[in-house]
Amino acid sequence: MKRYVKGITIFLIGMLVGILVTGGALASTRMSVTALMDQNISLFFNGEEKEMPEDMTVLIYQDRTYTPARFVAEELGADVSWDDSTRSVFINREEPIEPVEEEPEEEPEEVEEPEEEPEEEPEEEVSWDDYEELPIRLVTPELYITLDGVDLEDTETWFNFEFEGRTNKSIRIMHRDAKLTVDGNTYIQRQERSIRDPFDDMLYQNIEEDDRVTSWIKFRAFDEDTEYMKLEFDYTVDDGIRDVVTKSVTFKIKL
């Protein structure tokens, strides 16, 4: 907190120590005391030692240290005057005394350690060993499914199937949600809007026991040099009693 001293007037009446206003002038006191004169005491102002004039000294009385008012005030930049008629000391300073602010100690800079970059997980390698050449036949509890052929034409790709029912439960192929993966890219049949007749209407019908349905699903055209494809689709099983169950099949095709 800053402290200000402005127009200070100090009245010292009956002071124990004489105030040196003019060279060697000593003010009288109202009573006699016994004090110790100690010229070995050093005085520091804002950390700097100041030497007292030879005609001034420090007194020690009842374990208290007394210094000349003029010396202290003038070292602090104040004007000192003595009024003999009132036996008063006047100490005046027009400008506020600014305290010496200690500079804060610089804290050592924190060195940020570089963040460790997460290790990239290696991409899962695709094994082509379980890809099969056509025709591919899958057997499920409800269906015999045979992928007879894949036709890579200029404008579209045909997947030709035969479905045969094995149960008296009603089976329906979810052809519009079929997914085809080629060279790491996946295509969904319902998004192939540029293809005419993308699937056979027969897939809308239920496939029941001993029913045999030949049909197709179409996707966009691919390069004739394409070697591997993965085709996935779901079908539903409805026995008319419980909830409809959805199952999936996957064809890994080697052309």
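Peer 1: Hey, could you run me through the environment of Tyr-187 in this one?
Peer 2: Relative to the helices and strands, Tyr-187 is located in strand β14 (residues 185-188). Judged by its relative accessible area of 17%, Tyr-187 is buried. Separated by 10 residues in sequence, Tyr-187 and Asp-177 have C-alpha atoms that sit 9.8 Å apart. Here Tyr-187 is in contact with Ala-178, Lys-179, Leu-180, Val-182, Glu-192, Phe-219, Arg-220 and Phe-222, once residues within four sequence places are set aside.

Peer 1: Please clarify how the nonpolar core should be interpreted in this entry.
Peer 2: One broad rule of soluble globular proteins: the nonpolar side chains tend to lie buried together. Formed by 27 residues in total, the largest nonpolar core has its most connected members in Phe-159, Phe-161, Phe-219, Leu-231, Phe-233, Phe-251 and Ile-253. At the level of secondary structure, the elements contributing two or more residues to this core comprise β11 (143-152), β12 (156-165), β13 (170-182), β15 (212-220), β16 (228-238) and β17 (245-254). Not counting residues within four places of it along the chain, the set of residues in contact with Phe-159 comprises Leu-147, Gly-149, Val-150, Leu-180, Ser-215, Trp-216, Ile-217, Phe-219, Met-229, Leu-231 and Ile-253. Ranked by size, the runner-up nonpolar core spans 6 residues in total, among them Leu-43, Met-52, Met-56 and Phe-71.

Peer 1: Just to check I follow, could you spell out the pairing of β11 for this structure?
Peer 2: Regular strands place side chains that alternate from one sheet face to the opposite one. Across 4 bridges, strand β10 (residues 136-139) lies against β11 in antiparallel orientation. Its bridge partner lying in β11, Arg-137 is registered against Thr-146. Here β10 folds back onto β11, and the loop between the two strands holds 3 residues. Sheet analysis places β11 next to β12, joined by 9 bridges and oriented antiparallel. Residue pairing for β12: Asp-151 is matched across the bridge by Trp-158. The hairpin turn running from β11 into β12, its antiparallel successor, is 3 residues long.

Peer 1: What should I look at first to understand the sheet that holds β13 in this one?
Peer 2: Ordered in space as β9-β17-β16-β13-β14, the 5 strands form an open sheet in which the pairing is mixed. The open sheet has two edge strands with one neighbour each: β9 (132-133) and β14. Where β13 lies against β16, 8 bridges are found, and the strand directions are antiparallel. For Leu-180, the partnering residue across the bridge sits in β16 and is Leu-231.

Peer 1: Could you clarify how one ought to interpret the sheet that holds β10 in this entry?
Peer 2: The strands that make up a sheet pair up through hydrogen bonds in the backbone, lying either parallel or antiparallel. The strand order across the open sheet formed by 4 strands is β10-β11-β12-β15, and the pairing between neighbours is antiparallel. The open sheet terminates on both sides in strands that have one partner only, identified here as β10 and β15. Strand-to-strand, the axes of this sheet are offset by a mean angle of 20°, without reference to chain direction.

Peer 1: How do you make sense of the pattern of salt bridges when you look at a structure like this?
Peer 2: Two side chains carrying opposite charge are able to pair once their charged atoms lie near each other. Using the criterion set out here, one finds 7 salt bridges in the structure. In this structure, the salt-bridge partner of Lys-247 is Glu-142, at a minimum N-O distance of 2.7 Å. Here Lys-247, found in strand β17, pairs with Glu-142, found in the loop between β10 and β11; they are 105 residues apart in sequence, far enough to count as distant. Glu-164 is the salt-bridge partner of Arg-212, the closest N and O atoms lying 3.0 Å from each other. Of this pair, Arg-212 sits in strand β15 while Glu-164 sits in strand β12; the two residues are 48 residues apart in sequence, bridging distant segments of the chain.

Peer 1: I would appreciate a short explanation of unusual backbone geometry in the present structure.
Peer 2: Most peptide bonds are trans, and most residues other than glycine sit at a negative phi. Residue Pro-135 follows Leu-134 across a cis peptide bond; omega there is -5°. Relative to the helices and strands, Pro-135 resides in the loop between β9 and β10. Positive phi, close to 55°, is recorded for Asp-183, a residue that is not glycine. Locating Asp-183 in the fold gives a position in the loop between β13 and β14. Overall, Asp-183 belongs to the exposed group, its relative accessible area being 68%. Unusually for a residue other than glycine, Asp-210 sits at a positive phi of about 70°.

Rules and cut-offs
Residues numbered from 1 in each chain as written. Predicted model: local features only at pLDDT ≥ 70, side-chain atom pairs only at ≥ 80, totals over all residues. Heavy atoms only, no water. Helix = DSSP H or I, 4+ residues; strand = E, 2+ residues; numbered from the N terminus. Buried < 20%, exposed > 50% of the residue type's maximum accessible area, 1.4 Å probe, protein only. Contact = heavy atoms within 4.5 Å. Core = buried A, V, L, I, M, F, W, Y, C linked by side-chain atoms within 4.5 Å. Pairing = 2+ DSSP bridges. Axes fitted to C-alpha atoms, helices over the stretch in contact; angles between N-to-C directions. Salt bridge = Lys/Arg side-chain N within 4 Å of Asp/Glu carboxyl O.

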